[in-house]
Amino acid sequence: MRFSKKMLVFFAIMLIAALGAGCGGQEPTGNEGENPADGAGEPVKIGLNFELSGDVATYGGNGVKGIEMAAKEINAKGGVLGGRQIELVKVDNKSDAAEVTNVQTRLLTVENVAATIGPATSTNSLAAIPVAMENEIPLLTPSATADKVTVDEATGKAKEYAFRLCFYDSLQGNIGANFIYNNLGLKKAAVYIDTNSDYSKAIGSVFKKDFTALGGEVIAEENYVKTDQDYKATLTRIKNAKPEVIYLPGYYNNVGLIVKQAREMGITVPFVGADGYDSPDLVKLGGAKNLNNVFFTNHYSSQDTDPKVRAFVEAFKAEYGDVPDAFAAMGYDAMYLMADAINRAGSDDPIAIKDALAATKDFPAVTGTLTMDDKHNPIKSVVILELVDGVPTFKDKIDPIQP
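The model shown is predicted, which means the values in this text are computed figures rather than measured ones. (Residues numbered from 1 in each chain as written. Predicted model: local features only at pLDDT ≥ 70, side-chain atom pairs only at ≥ 80, totals over all residues. Heavy atoms only, no water.)

Draft legend 1. Geometry of the packing of aromatic side chains. According to the stated counting rule, one finds 14 aromatic pairs in the structure shown. Between Tyr181 and Phe211, the ring centres sit 6.2 Å apart and the planes meet at 80°, which makes this aromatic pair edge-to-face. Of the two residues, Tyr181 is situated in helix H5 (residues 171-183) and Phe211 in helix H6 (residues 198-214); the sequence distance between them amounts to 30 residues. Note on Tyr181: relative accessible area 18%, which makes it buried. Taking relative accessible area as the criterion, Phe211 reaches 0% and is therefore assigned buried. Look at Tyr224 and Tyr231: their rings are 5.9 Å apart centre to centre, the planes differ by 80°, and that puts the pair in the edge-to-face class. Here the two residues Tyr224 and Tyr231 agree in accessibility, since each one is buried. Following the ring pairs from residue to residue traces out a cluster consisting of Tyr300, Phe312, Phe316, Tyr320, Tyr332 and Tyr336. Lying over the aromatic face of Tyr181, Lys187 brings its terminal NZ or CZ to 3.6 Å of the ring centre. (Phe/Tyr/Trp six-rings, centres within 6.5 Å; stacked < 30°, edge-to-face > 60°. Helix = DSSP H or I, 4+ residues; strand = E, 2+ residues; numbered from the N terminus. Buried < 20%, exposed > 50% of the residue type's maximum accessible area, 1.4 Å probe, protein only. Lys NZ or Arg CZ within 6 Å of the ring centre and 35° of its normal.)

Draft legend 2. Region of interest: the sheet that holds strand S8 (residues 245-247). The mixed open sheet is built from seven strands, whose spatial order is S7-S6-S8-S9-S10-S13-S14. A strand with exactly one partner marks an edge of an open sheet, and here the two such strands are strand S7 (217-224) and strand S14 (391-398). Adjacent strand axes in the sheet meet at a mean angle of 25°, parallel and antiparallel pairs treated alike. Note: strand S10 (residues 294-298) against strand S13 (residues 382-388), five bridges, orientation antiparallel. Bridge pairing links Thr297 to Ile384 in S13. Those strands touched by H5 are S8, strand S9 (271-273), S10, S13 and S14, and its axis lies near 85° from that of S14. Sheet contacts for H6: strand S6 (188-194), S7 and S8; angle to S6, the most-contacted strand, approximately 165°. (Pairing = 2+ DSSP bridges. Axes fitted to C-alpha atoms, helices over the stretch in contact; angles between N-to-C directions. Contact = heavy atoms within 4.5 Å.)

Draft legend 3. Up close: the pattern of salt bridges. Enumeration according to the criterion identifies 19 salt bridges in this entry. Here Lys284 ties to Asp281 by a salt bridge, and the two come within 3.3 Å at their closest N and O atoms. Of the two residues, Lys284 and Asp281 are both situated in helix H9 (residues 281-286); the distance of three residues between them amounts to about one turn of the helix. The partner of Asp304 in a salt bridge is Lys397, with the nearest N and O atoms 2.8 Å apart. Of the two residues, Asp304 is situated in the loop between S10 and helix H10 (307-320) and Lys397 in strand S14; the sequence distance between them amounts to 93 residues. Note on Lys397: relative accessible area 26%, which makes it partly exposed. Members of the salt-bridge network, linked through shared partners, are Lys45, Arg106 and Glu111. (Salt bridge = Lys/Arg side-chain N within 4 Å of Asp/Glu carboxyl O.)

Draft legend 4. How the structure looks around the pairing of S13. Counting buried positions along S13 gives five out of seven residues, so the element sits mostly inside the fold. The hairpin turn running from S13 into S14, its antiparallel successor, is two residues long, and Asp389 in that turn takes a positive phi close to 50°.

Draft legend 5. Main features of H10. With 14 residues, H10 ought to run about 20 Å at 1.5 Å a step, and its terminal C-alpha atoms sit 20 Å apart, in line with that. Those residues of H10 that fall on the buried side of the exposure criterion are Val309, Phe312, Val313 and Phe316. An end-on view of H10 places all buried positions within 100° of arc, on one side of the element. Facing away from the buried side of H10, by more than 90 degrees, are the exposed residues Pro307 and Ala318. Residues of H10 that are buried sit in contact with helix H2 (57-76) and helix H11 (326-345). One side-chain oxygen at the N-terminal end of H10 lies 2.8 Å from the backbone nitrogen of Lys308; it belongs to Asp306. Directly after H10, the chain includes Gly321, whose backbone phi takes a positive value near 80°. (Expected span 1.5 Å × (residues − 1). Arc of directions from axis to C-beta. Polar contact = N/O pair within 3.5 Å; in protein donor to acceptor, adjacent residues only side chain to side chain.)

Draft legend 6. Inspection of the nonpolar core at higher detail. Formed by 46 residues in total, the largest nonpolar core has its most connected members in Ile46, Ile86, Ile117, Tyr300, Phe312, Met335 and Met338. Only strand S1 (44-50), H2, strand S3 (115-117), H10, H11, helix H12 (350-358) and strand S11 (370-372) provide two or more residues apiece to this core. It is H11 that contributes the most residues to this core, 13 residues altogether. Once residues lying within four places of it in the same chain are set aside, the contact partners of Met338 are Ile46, Ala115, Thr116, Ile117, Leu140, Ile353 and Leu357. In this structure, Leu291, Val294, Leu385 and Leu387 belong to the second largest nonpolar core, which totals 26 residues. (Core = buried A, V, L, I, M, F, W, Y, C linked by side-chain atoms within 4.5 Å.)

Structure follows, in structure tokens:
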């Protein structure tokens, strides 16, 4: 059983008081050769702080499905630490940041978990991390992509107890630059950014830096805001610059309209973007035919031919009857990564688990082989999806490289 630092202090005070009162004779228990503190045979408790109801319940619900399937597999193979089972303590944060904090506090100070997985989103992860830091118990989010989730913006250093399984936002700019320059073989790009979106600006900034470092040229830069409905003026300037490709890191609700209007204006060059495209509403807004020759980075594709992906997809379908989405895949990987860290730590001690997570190297995940960098972000391959008549189709898997 794991205890928080505050609870350990309380128990220490109580023990001192008991010793001060004197110790009477005690009958032997017959277990004197065992050390109950080492937790041998007890389950290793992992807390799940997830959005199981509320606005983003599909993210949390699918992530937990992946986690539970992985834990079931791990336990069937003997568990962790030479035979201890994983016990999941699952609590709904209701997609509410205030509730996230309450859930995290309960998991760490009442349930006494060794580590936590979740939440699914960046906002909710940012609400949970201060509790993890205060109690010195690691948190691993499967799917929170904002750069500041794992990095203290004031110091630029990693948050010691915060980790992520997914790639982070600005990495997508690097992958987009490499894909356009090396895979599509295009050298002249226009960049089209939502100036009200930190997501769009962060990805676009990295893209420009890395694309030009590779030898590419950014020949046009235009901006929009998410409330815009008519993009023809900026698209006209982009068209007149004659780029070979348009890099558009944004969300599906803007992207669908932008691409639709661009095609109506005769702009036929490829559009490339990021995981904000991943919504069925993109096709509703843009039209299936208009979205041909559109590519975007994403965490995973169920169509990937990698044997590890195929095995996961088939197992998930057998377990739940559905094709797993990216959130399910990231949850599955997060549970396996946590179990791997516990085994490498050789203990369910949270500090040892934290150190093992930080030392992760070449971990073979469904969503890409990963190595944890010094900011607690995984260096991993990223999937490229191509929209083919409205269907996101596996195109490639790209490793991040330095230009």
